Amino acid sequence: MSQELPPRLDPRSIEPARYRAWQDGGYFHVPATAVLEDGRDPYVIVIPPPNVTAALHMGHGLNNTVQDVLIRWRRMQGRASLWVPGTDHAGIATQNVVERQLAAEGLHRDDLGRERFVERVWEFVTETGGTILEQLKAIGASCDWERTRFTLDEDLQRAVREVFVSLYEKDLIYRGEYIINWCPRCLTALSNEEAEGEETQGSLWHLRYPLPLDATEAAAAARAAGAASVGQLPDGRWYLTVSTTRPETMLGDTGVAVHPGDERYAGLVGAHVELPLTGRTIPVVADRHVDPEFGSGMVKVTPAHDKNDFEIAGRTGLALLDVMTSDARMGDNAPEAFRGLDRFEARKAVLAQLEAVGLLAGSDAHTHAVPHCYRCNTVVEPRLSEQWFVRMKPLAEPALAASQDGTITFTPPHWQRVYEHWMENIQDWCISRQLWWGHRIPVWYCPCGEVMVSREDPAACPKCGSGALEQDPDVLDTWFSSQLWPFSVFGWPRETDDLKAFYPGHTMVTAPEILFFWVARMIMMGFEFQGEAPFTQVYLHGTVRDIKGRKMSKSLGNGIDPLRVVEEFGADAMRYTIVSQCAVGTDISLDHEDVEAAFANGRNFANKIWNAGRFALMSVGDGPVRPLADVEADLTVDDRWILSRVARASSEATRQLERFRLHEYAEGLYHFFWGEICDWYLELVKSRLQQGGDAASREAARSTLVAVLDHALRLLHPVVPFVTAELWARLPWPEDEARPADLIVAPWPSEAARWRDEAVEARFADFQSLVVEARRLRKEYGIGEGQRVAIHVAGGPEGFAAALTGRAGALEQLARVDRIETTPATGAGASAVLANGAEVFLPLEGVIDLARERKRMGEEVARVEGQLSGLRTRLANDKFVSNAPAEVVQKERERAAQLEEQSSKLREKLRALGA
RNA sequence: GGGCGCGUAGCUCAGUUGGUUAGAGCGCUACGUUGACAUCGUAGAGGUCACAGGUUCGAGUCCUGUCGCGCCCA
């Protein structure tokens, strides 16, 4: 059957079928009974639900590959390893998509009305919403698809209501009028996290507000006290200077503030200044928020359009004056001349008019962070608005403590501090959104003024009995439902078996960008509603970037489509490439202009595995294979060496996975598989596997090779599941040994430790260095691959040279050596001395170039002596000998002795060359 | 303004209790098709570990400063 395998791995011909077989075999599904009845140890990851409208991109590729590696590994360890998939309704994002569709039809959502619009979104979501989950299957994601959830599922709606009402009852949700971030395009409030600061080159304009005549004395005093911002206009009136990056807001100023301790301005507090262009006068107040050191130490106060100013007004009693409309035009409270102007037009107009009346004192270039809507990138406007908020401080306390006491760990660890800093400075969360798509706020208003916050839709007002109730028109921030994900997916608030079995989960794998949006809030909700954290490990991976370090994005056009990669190179190639770059705390960079080069490493490795497996299957053949224990007496050094290396690779792989060092896990196995199994063991075992030789040796080789391959495929399976499973399924199996049904549930290697054999490894390393040296000497003198040479080996460890005569086949195979002599060398040839002191000589009569050989040997001597002199200096240093650990000193001594021997032998050879 | 991270081979990056000759992949050079694999093999070139100090017997690794780049929060 093995002959059927083609020499080139064709992922398309194996991956889809293999995935289907896993699904049909039910390997992804974990019922609650596995934990509750069978007593298996659960391991749970809930997927960061992608937006329901999203198409798979490389960021998803990375995120889900990492999760799948962890899930597969734990599954093989025997855990009840559950990965819950699903999608997020993504309020603004999804609404925007459908609105764009409508716009293409010349329609606006108001043309449909709320009910029909929401129906339309549902249609869209039902039709296309599963796409991304289907795409995840192509990359091999072993999610429990029977548990797929959507954040607007009925169960999850119930959870959202329960949480809202419960928090309201605990006075942790309130409604009030505050300054919030407002997107004038989406026409909705945003949370602080959704308003992303963007460094912008802007201007800081200086405006003059004239003072009345009765303030002349105080103004002059301020001026005398060094307040450069106080001055006199040409007409003799005094003025104050205030600065702003948003001049249009001056139309809504209701005061000017100074610090109460700022003596320069003490006499001006209480005065009224003229607010230009408006005909209004506004008071000068004192407030501790003002930084006397910054700028003029004097600020304009616009309470309806700035968060700090709003707070100043709250303390000082300044009036609130909203001069804008919801779409950021100047509104009815602005002077008539500005009404209807867009905020940026208004800015120009205000500046022009101030200039015209001589009250613009110029501007400075000013770089500052301007908040933008994270969904549509429109400049966010701080706006006075009545919204719903969550009181975060009490919720943050246990979530903060869990990080501090190590209940929750972060990888990489520095995120712990970022998280704690955010928790310590947490602000209330604006959760109401003026959208139609999302979880409707469960609050009803009665014309009598009664407000009902209820788990069930109320039929009538409990106070006046009226049935004319109106539900709050707003929906909740998408993250309000996402934060419940770790328990809402298990049916909460019902007390389900799933919840008992799978909460709390274990690992959260996500990107740092949503640490606050999502991770922090899940932790808070976990404590509030389940009494414990939803997971204990937070693994934050990097960002996928292009070769120039730019984040991959649709708008930049620098993305790579994961499905295209799967199609062209296979899911295994994509997964290996990603995981092998997945060093803790670093980003992944992939060349979008040369996709083949970007994934070549993964593709080549998958092909290498394929061919090694193909060769092994062919060579081992179909006959029965004996258990390793039965052939133990016939194992060669090579067999025992590779088994020892398997043991090492197993424990190393486990150790790296435990520490989330996925790239070291992947790369370690890459080098083990390619550099040790393929380059050495397979080459060595080839001749033994041929028919007609020593039967006992052949059986030992067959058993060893099967065991080695079995272990290697198991270790590699989490990262390259398809090619490994395909080969493993064809692997012959030792007689009388139980065989797992599929590699996906084969036990993770943990028993190999008994194969460790340091002595054998050392012996083999000596052999390797001989082969490497022989190859090097051949190359040095251009001996072609087809040409055989003799080799003389003398000295070195006891029995080293003698043992080589029994390895003629191996040396022939690996170094093209056809004759081994343990006698001293004679004649012309190339020499070397191995690190173990063995002298190596290749007779190269007629080929050898004495001058060249002398030069080469001279360089070798210099290299060895260079190292030796460094070592000698160190060993001659009393401080080193007395301070360094004994074993370090001992090692250096041994090394020095070795180098001395090597060096003296090299010198001897050099002398023999007549140098 | 506050906090964090990075600067190692032509390119992308590893390198966690400080300890031999600093590694990988890609790229490059030479040779090679021997019955797994040319998506391959063998050998090779290529690095003052940004710079300057310091701690230490010993620093890519720890500390301080400088220069350059990036991110987060206000």
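Conventions and cut-offs
- Residues numbered from 1 in each chain as written.
- Chains lettered and ligands numbered in written order.
- Predicted model: local features only at pLDDT ≥ 70, side-chain atom pairs only at ≥ 80, totals over all residues.
- Heavy atoms only, no water.
- Pairing = 2+ DSSP bridges.
- Helix = DSSP H or I, 4+ residues; strand = E, 2+ residues; numbered from the N terminus.
- Axes fitted to C-alpha atoms, helices over the stretch in contact; angles between N-to-C directions.
- Parallel < 35°, antiparallel > 145°, perpendicular 65-115°, else oblique.
- Left-handed = near helix turned anticlockwise from the far one by under 90°.
- Contact = heavy atoms within 4.5 Å.
- Nonpolar A, V, L, I, M, F, W, Y, C, P; charged D, E, K, R; others polar.
- Salt bridge = Lys/Arg side-chain N within 4 Å of Asp/Glu carboxyl O.
- Buried < 20%, exposed > 50% of the residue type's maximum accessible area, 1.4 Å probe, protein only.
- Near = heavy atom within 4 Å.
- Polar contact = N/O pair within 3.5 Å; in protein donor to acceptor, adjacent residues only side chain to side chain.
- Expected span 1.5 Å × (residues − 1).
- pLDDT = per-residue confidence, 0-100.
- Arc of directions from axis to C-beta.
- Phe/Tyr/Trp six-rings, centres within 6.5 Å; stacked < 30°, edge-to-face > 60°.
- Lys NZ or Arg CZ within 6 Å of the ring centre and 35° of its normal.
- Right-handed = clockwise from strand over helix to strand, strands pointing away.
- Patch = residues over 30% accessible without salt bridge, like charges linked within 9 Å, V, L, I, M, F, W, Y side chains within 5 Å.
- Areas by Shrake-Rupley, 256 points an atom, 1.4 Å probe, with all protein chains shown as cover.
- Lys, Arg positive; Asp, Glu negative; His and termini not counted.
- Charge placed at Lys NZ, Arg CZ, Asp CG, Glu CD.

(A) Spatial organisation of the sheet that holds strand β14 (residues 360–373). On the basis of which strands lie adjacent, the open sheet formed by 4 strands has the order β8-β9-β7-β14 and antiparallel pairing. This sheet does not close on itself; its edge strands, each paired only once, are β8 (230–232) and β14. The mean angle between the axes of side-by-side strands here comes to 25°, regardless of whether they run parallel or antiparallel. Inspection of the sheet shows strand β7 (residues 195–210) paired to strand β9 (residues 238–244) by 6 bridges, in the antiparallel sense. Within β9, the residue paired with P210 across the bridge is Y239.

(B) How the structure looks around the packing of helix α20 (residues 637–658) against helix α24 (residues 758–780). Interhelical geometry of α20 versus α24 gives an angle of 115° and a closest axis separation of 9 Å. By the angle between their directions, the pair α20 and α24 is classed as roughly perpendicular. By crossing handedness, the relation of α20 to α24 is classed as left-handed. Seen from α20, the contacting residues are V637, D638, R640, W641, S644, R645 and R648; seen from α24, they are E758, V760, E761, R763, F764 and Q768. When the residues that make up the contact of α20 with α24 are grouped by side-chain class, the tally is 4 nonpolar, 2 polar and 7 charged.

(C) Representation of the pattern of salt bridges in the model. Using the criterion set out here, one finds 62 salt bridges in the structure. Put simply, R72 and D68 hold a salt bridge, and the shortest N to O gap is 2.7 Å. Of this pair, R72 and D68 both sit in helix α3 (residues 58–76), 4 residues apart, which is roughly one turn of the helix. Taking the relative accessible area as the measure of exposure, D68 reaches 0% and is therefore buried. Of the charged contacts, one joins E162 and R455 as a salt bridge, the two residues approaching to 2.6 Å between their closest N and O atoms. Taken as a pair, E162 in helix α7 (residues 154–169) and R455 in the loop between β20 (451–453) and β21 (470–471) lie far apart in primary sequence, 293 residues in all. Note on R455: relative accessible area 32%, which makes it partly exposed. Ionic contacts of the salt-bridge type, sharing partners, join the residues R645, R648, E676, R756, E758 and E761 into one network.

(D) Seen up close, the environment of M58. On the secondary structure map, M58 appears in helix α3. According to the relative accessible area criterion, M58 is buried, its value standing at 2%.

(E) Looking closely at the protein's contact with RNA strand B. Surveying the vicinity of RNA strand B reveals 42 residues, the closest of which are T586, R614, R661, W674 and R816. A distance of 2.8 Å separates a base oxygen of RNA strand B from a polar side-chain atom of K779. In this structure, a base oxygen belonging to RNA strand B sits 2.6 Å away from a side-chain N or O atom of R895. Secondary-structure elements contributing two or more residues to the surface near RNA strand B are α19 (595–620), α21 (662–689), α24, α27 (850–876), α28 (878–883) and α29 (886–912).

(F) Geometry of α24. With 23 residues, α24 extends 33 Å from end C-alpha to end C-alpha; this agrees with the ideal 33 Å at 1.5 Å per step. Where α24 is concerned, the buried positions are V760, E761, F764, F767, Q768, L770, V771, E773, A774, L777 and R778. For α24, the N-terminal capping position is held by D757, with its side-chain oxygen 3.2 Å away from the main-chain nitrogen of A759. With its phi angle positive at about 65°, G782 sits one or two positions after the end of α24.

(G) A look at unusual backbone geometry. For the bond from T411 to P412, the omega torsion is -5°, close enough to zero to count as cis. Along the chain, P412 falls in the loop between β16 (409–411) and α12 (415–424). With omega at 0°, the peptide bond leading from Y503 into P504 counts as cis. Relative to the elements of secondary structure, P504 occurs in the loop between α15 (497–502) and β23 (507–510). Look at D171: it is not a glycine, yet its phi comes out positive at around 65°.

(H) Main features of the confidence of the model for chain A. Of the residues in chain A, 99% reach a pLDDT of 70 or more, and the chain-wide mean stands at 88. Of the two predicted TM-score estimates for the complex, the pTM is 0.91 and the ipTM is 0.94.

(I) Molecular detail of helix α9 (residues 307–316). Taken residue by residue, α9 has D309, F310, I312 and A313 as its buried positions. In an axial view of α9, the angular spread of the buried residues amounts to 160°, which keeps them on one side of the axis. Against β5 (173–183), β10 (255–258), β13 (298–301) and β15 (381–390) lie the buried residues of α9. Capping of α9 at its N-terminal end is provided by D306; its side-chain oxygen lies 2.9 Å from the backbone amide nitrogen of N308.

(J) Expanded view of the sheet that holds β23. An order of β16-β24-β23 is seen for the 3 strands of this open sheet, with the pairing classed as parallel. Looking along the sheet, the strands with just one partner apiece sit at the ends: β16 and β23. When strand polarity is set aside, the average angle formed by the axes of neighbouring strands in this sheet is 15°. On the sheet, α3 packs against β23 and β24 (537–540) and is oriented at approximately 155° with respect to β23.

(K) Fine view of the packing of aromatic side chains. Under the counting rule described, the total for this entry stands at 35 aromatic pairs. Plain terms: the ring middles of Y19 and W22 are 6.4 Å apart, the flat faces sit at 75° to each other, and that makes the pair edge-to-face. Taken as a pair, Y19 and W22 lie in helix α1 (residues 11–24) at a separation of 3 residues, close to a single helical turn. The exposure classification of Y19 matches that of W22, with both residues buried. Between the aromatic rings of Y19 and F28, the centroid separation amounts to 5.3 Å while the plane-to-plane angle is 55°, which identifies the pairing as tilted. Residue classification places Y19 among the buried residues on the basis of a relative accessible area of 5%. Through a chain of ring-to-ring contacts, the aromatic side chains of F164, Y168, W388, W429 and F480 assemble into a single cluster. The ring of W182 carries R383 above its face, with NZ or CZ at 4.7 Å from the centroid. Cation over ring: R775 sits above W680, and NZ or CZ is 5.4 Å from the ring centre.

(L) Looking closely at the pairing of strand β2 (residues 80–84). In terms of burial, β2 is largely enclosed, as 5 of its 5 residues are buried. Burial along β2 is two-sided: the face carrying A80, L82 and V84 and the face carrying S81 and W83 are both buried. Where strand β1 (residues 42–46) and β2 come together, 5 bridges link them in parallel fashion. Among the inter-strand pairings, V46 is bridged to a residue of β2, identified as V84. Once you follow β1 into α3 and on to β2, the crossover reads as right-handed.

(M) Representation of a negative patch on the surface within the structure. Among the surface-exposed residues, E115, E119, E123 and E127 lie close enough to one another that they form a single negatively charged patch. Note that E115 resides in helix α5 (residues 109–128).

(N) Spotlight on the side chain of R147. Considering the arrangement of structural elements, one finds R147 in the loop between α6 (131–138) and β4 (149–150). Residue classification places R147 among the buried positions, given a relative accessible area of 6%. Reaching out from R147, the side chain makes a polar contact with the side chain of D498 at a distance of 2.9 Å. Those residues in contact with R147 that sit more than four places away from it in its chain are H29, V30, P31, A32, L82, V84, P85, F490, D498 and F502.

(O) Geometry of the environment of V323. Of note, V323 is situated in the loop between α9 and α10 (343–356). On the basis of relative accessible area, V323 is assigned to the buried category, the value being 0%. As a C-alpha pair, V323 and A598 span 275 residues in sequence and 54 Å in three-dimensional space.

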